[in-house]
Amino acid sequence: MRLLVCGGAGFIGSAFVRVRLVEHGDEVVVLDKLTYAGRRENLDGLDVALIEAGIEDAAAVARAMEGVDAVVNFAAETHVDRSIAQPDAFVTTHAVGTWVLLEEARRRAVRFVQISTDEVYGSIAQGSFTEHSPLAPSSPYSATKAGADLLVASYFHTYALETVICRGSNNYGPRQYPEKLIPLMVLNALAADRLPVYGDGMQVRNWLHVDDFARAIGVALAHGRPGEAYNVGGPDECPNLQVVQRILELTGRDESLIEYVTDRPGHDRRYSLGSQKIAALGWEAQVRFADGLAQTVAWYVDNAWWWEPIRSGDYRAYYQRQYGRALG
Ligand code: NAD
Ligand code: DAU
């Protein structure tokens, strides 16, 4: 297949590109704006064409979509805290950008896979969301992602465009930008810096290894029914505090580094996805959280070349704004 992967220089997009090249022999074109989160290094050693442009740029999108069999759209602003501080780019990329991609896909009748999130359903105290659960997003991030999902669904209903939506739970693994919980805590622990836990730390997330999500997206790309959404949840759920404690053990640090800080406004307490629908297409998670977390910590320990330029760059200013103190 010839695939256009939007946002393919990010954390999950680049893992997906790797799986497609290595396991499927696809031809891949990446369209990526290379925001603070997008990095050429994530595609090192991979034979792909990289077009540096935003998905909201209709002319670039039209060129990039020439001759492709399918589009997989990962391109997004992805950090909830940044969406709370400054939502502008979230609206542009998720609403306008997704619409521009859909228009070009419609013009060419190209199959379209939208990468979405469990956050569109909001928080759930008990049990798990199914694909029929109502959308009830809480943050500007999740609200604009939900808007993109509805736009995608409208292109199926109105124009019969072949669309599939994949809603993933919290991903972790190599190459995740260190604003996110796991890499932030790992790198702070390695530097013997404080670990900022929001609120009481008892919020629960459903952890999914990035390679498991990448393979699930491949299954949905090949076998997903047009017009349908598929939940992809991780095999294990865990309160944040327990994740942080395990990271301290894996890095040989003690709990005195934990610092309880002001909670995130509107913080969703728990996410949980039922994944029976994608399982029925033949997908199953391969990586349990305990093993994947240990492998992920080891990856960050071994790959300082990847994260050192981030920790010494703009990320420092972001950290100061978000946490009210300098990165140690
Ligand atoms: P990321 O922040 O690591 O990567 C996002 C990529 O999109 C970057 O390469 C960035 O440069 C690119 N991008 C941003 N705006 C763009 C624009 N306007 N045009 C083109 N490219 C643009 O994010 P990620 O964690 O890899 O997430 C990828 C997708 O998966 C997102 O759609 C996200 O909502 C979804 N998702 C993420 C998770 C998670 O836990 N990280 C879970 C479920 C779903
Ligand atoms: O659930 C899927 C979503 O997971 C994706 O759609 C998002 O793109 C991705 O960013 C992620 O969102 P979360 O808000 O769940 O991830 P984050 O890593 O920001 O936070 C995970 C949990 O950890 C959350 O409950 C907030 C908490 N947290 C996070 C940070 C950065 C802290 O306690 N301290 C922190 O410093």
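For the structure, check the block above.
A. A look at empty space enclosed by the protein. Inspection of the entire model under this criterion finds one cavity of 30 Å³ or more. In this structure, the largest cavity spans a volume of roughly 50 Å³. Along the lines of polarity and charge, the residues of the lining of the largest cavity split into three nonpolar, four polar and four charged.

B. Molecular detail of the nonpolar core. In this structure, Phe-16, Val-17 and Ile-217 are the most contacted members of the largest nonpolar core, which totals 36 residues. Looking at this core, the elements that each hand over two or more residues are strand E1 (2-6), helix H1 (11-24), strand E2 (27-32), strand E4 (70-73), strand E5 (111-117), strand E6 (163-168), helix H7 (210-223) and strand E10 (228-232). The element contributing the most residues to this core is H7, with eight residues. Residues in contact with Ile-217, not counting those within four places in the same chain, are Phe-16, Val-72, Phe-74, Val-113, Ile-115 and Cys-166. Within the second largest apolar cluster, 34 residues are counted, among which are Tyr-177, Val-297, Tyr-300 and Tyr-318.

C. Up close: the packing of aromatic side chains. Summed over the entire model, instances satisfying the criterion amount to 16 aromatic pairs. Summarising the aromatic geometry, the rings of Tyr-155 and Tyr-159 are spaced 4.8 Å apart at their centres and angled 55 degrees between planes, so their arrangement reads as tilted. Note that Tyr-155 and Tyr-159 are positioned in helix H5 (residues 140-159) at a spacing of four residues, about one turn of the helix. Between the aromatic rings of Trp-207 and Phe-289, the centroid separation amounts to 5.6 Å while the plane-to-plane angle is 10 degrees, which identifies the pairing as stacked. Linking Trp-207 in strand E9 (residues 204-209) with Phe-289 in helix H10 (residues 289-302), this pair joins segments that are 82 residues apart in sequence.

D. Quick peek at H1. With 14 residues, H1 should reach 20 Å at 1.5 Å per residue; the first-to-last C-alpha distance of 20 Å fits that figure. Across the 14 residues of H1, 10 count as buried, placing the element largely inside the fold. Along H1, the residues classified as buried are Phe-11, Ile-12, Gly-13, Ser-14, Ala-15, Phe-16, Val-17, Val-19, Arg-20 and Leu-21. In the core, the buried residues of H1 are packed alongside E1, E2, E4, strand E7 (171-172) and H7. The first or second residue beyond H1 is Gly-25, which carries a positive phi of 65 degrees.

E. Representation of the packing of helix H6 (residues 181-190) against H10 within the structure. Running from N to C, H6 and H10 point in directions that differ by 55 degrees, and their axes come no closer than 10 Å. Relative to H10, the element H6 lies oblique. Considering the relative orientation of H6 and H10, their crossing is right-handed. Note on element contacts: H10 touches H6 through Phe-289, Leu-293, Thr-296, Val-297, Tyr-300 and Val-301, opposite Ile-182, Pro-183, Val-186, Leu-187 and Leu-190. Looking at the contact of H6 with H10 residue by residue, the class counts come to 10 nonpolar, one polar and no charged.

F. Structural context of the sheet that holds strand E11 (residues 236-239). Across the sheet, three strands lie side by side as E7-E9-E11; this open sheet has mixed pairing. Two strands close off the open sheet at either side, each with one partner strand: E7 and E11. Helix H8 (residues 240-250) rests against E9 and E11 of the sheet, and its axis sits at about 90 degrees to E11.

G. Expanded view of the side chain of Asp-32. With respect to the helices and strands, the residue Asp-32 is situated in strand E2. Although Asp-32 lies buried, it forms no salt bridge, and the closest oppositely charged side chain, Arg-40, sits 9.3 Å away as judged by the N-O distance. Within the local environment of Asp-32, its side chain forms a polar contact with the backbone nitrogen of Ala-9, the two atoms lying 3.0 Å apart. Setting aside anything within four residues of it in sequence, one finds Asp-32 in contact with Gly-7, Gly-8, Ala-9, Gly-10, Gly-38, Leu-50, Ile-51, Glu-52 and Ala-53.

H. Summary view of the site of ligand 2. Around ligand 2, a shell composed of 23 residues is seen, among which Asp-118, Tyr-141, Asn-170, Arg-264 and Tyr-323 lie nearest. Side-chain polar atom of Glu-119 to an oxygen atom of ligand 2: 2.8 Å apart, as the coordinates give it. Contact distances for ligand 2 include 2.8 Å between an oxygen atom and a backbone N or O atom of Leu-181. Compared with its free state, where it exposes 680 Å², ligand 2 has 95% of that area covered by protein. Where the shell around ligand 2 is concerned, the elements lending two or more residues are H6 and strand E8 (195-198). Among the elements that line the shell around ligand 2, the one with the most residues is E8, at three residues. For the shell around ligand 2, the class distribution of residues is nine nonpolar, eight polar and six charged. Three or more residues apiece are contributed to the shell around ligand 2 by two domains, here domain 1 (2-171 + 209-232) and domain 2 (176-205 + 236-270 + 287-323).

I. Molecular detail of the site of ligand 1. Neighbouring residues of ligand 1: 29 residues in total, closest Ile-12, Asp-32, Thr-78, Tyr-141 and Lys-145. Phe-11 is positioned with one of its backbone polar atoms (N or O) 3.0 Å from an oxygen atom of ligand 1. Burial of ligand 1 by the protein chains amounts to 97% of its free accessible area of 840 Å². Of all the secondary structure elements, the ones that give two or more residues to the shell around ligand 1 are H1, E5 and H5. Broken down by element, the shell around ligand 1 gets its largest block of residues, three residues, from E5. Of the residues belonging to the shell around ligand 1, the class tally is 12 nonpolar, 13 polar and four charged.

Reading the values: rules and limits
Residues numbered from 1 in each chain as written. Chains lettered and ligands numbered in written order. Predicted model: local features only at pLDDT ≥ 70, side-chain atom pairs only at ≥ 80, totals over all residues. Heavy atoms only, no water. 1 Å grid on protein atoms, 1.4 Å probe; cavity = no way out; pocket = protein on both sides within 12 Å on 5 of 7 lines; lining within 4 Å. Points joined across faces, edges and corners; volume = space filled by probe spheres on them. Nonpolar A, V, L, I, M, F, W, Y, C, P; charged D, E, K, R; others polar. Core = buried A, V, L, I, M, F, W, Y, C linked by side-chain atoms within 4.5 Å. Buried < 20%, exposed > 50% of the residue type's maximum accessible area, 1.4 Å probe, protein only. Helix = DSSP H or I, 4+ residues; strand = E, 2+ residues; numbered from the N terminus. Contact = heavy atoms within 4.5 Å. Phe/Tyr/Trp six-rings, centres within 6.5 Å; stacked < 30°, edge-to-face > 60°. Expected span 1.5 Å × (residues − 1). Axes fitted to C-alpha atoms, helices over the stretch in contact; angles between N-to-C directions. Parallel < 35°, antiparallel > 145°, perpendicular 65-115°, else oblique. Left-handed = near helix turned anticlockwise from the far one by under 90°. Pairing = 2+ DSSP bridges. Lys, Arg positive; Asp, Glu negative; His and termini not counted. Salt bridge = Lys/Arg side-chain N within 4 Å of Asp/Glu carboxyl O. Polar contact = N/O pair within 3.5 Å; in protein donor to acceptor, adjacent residues only side chain to side chain. Near = heavy atom within 4 Å. Areas by Shrake-Rupley, 256 points an atom, 1.4 Å probe, with all protein chains shown as cover. Domains from an automatic or database assignment.

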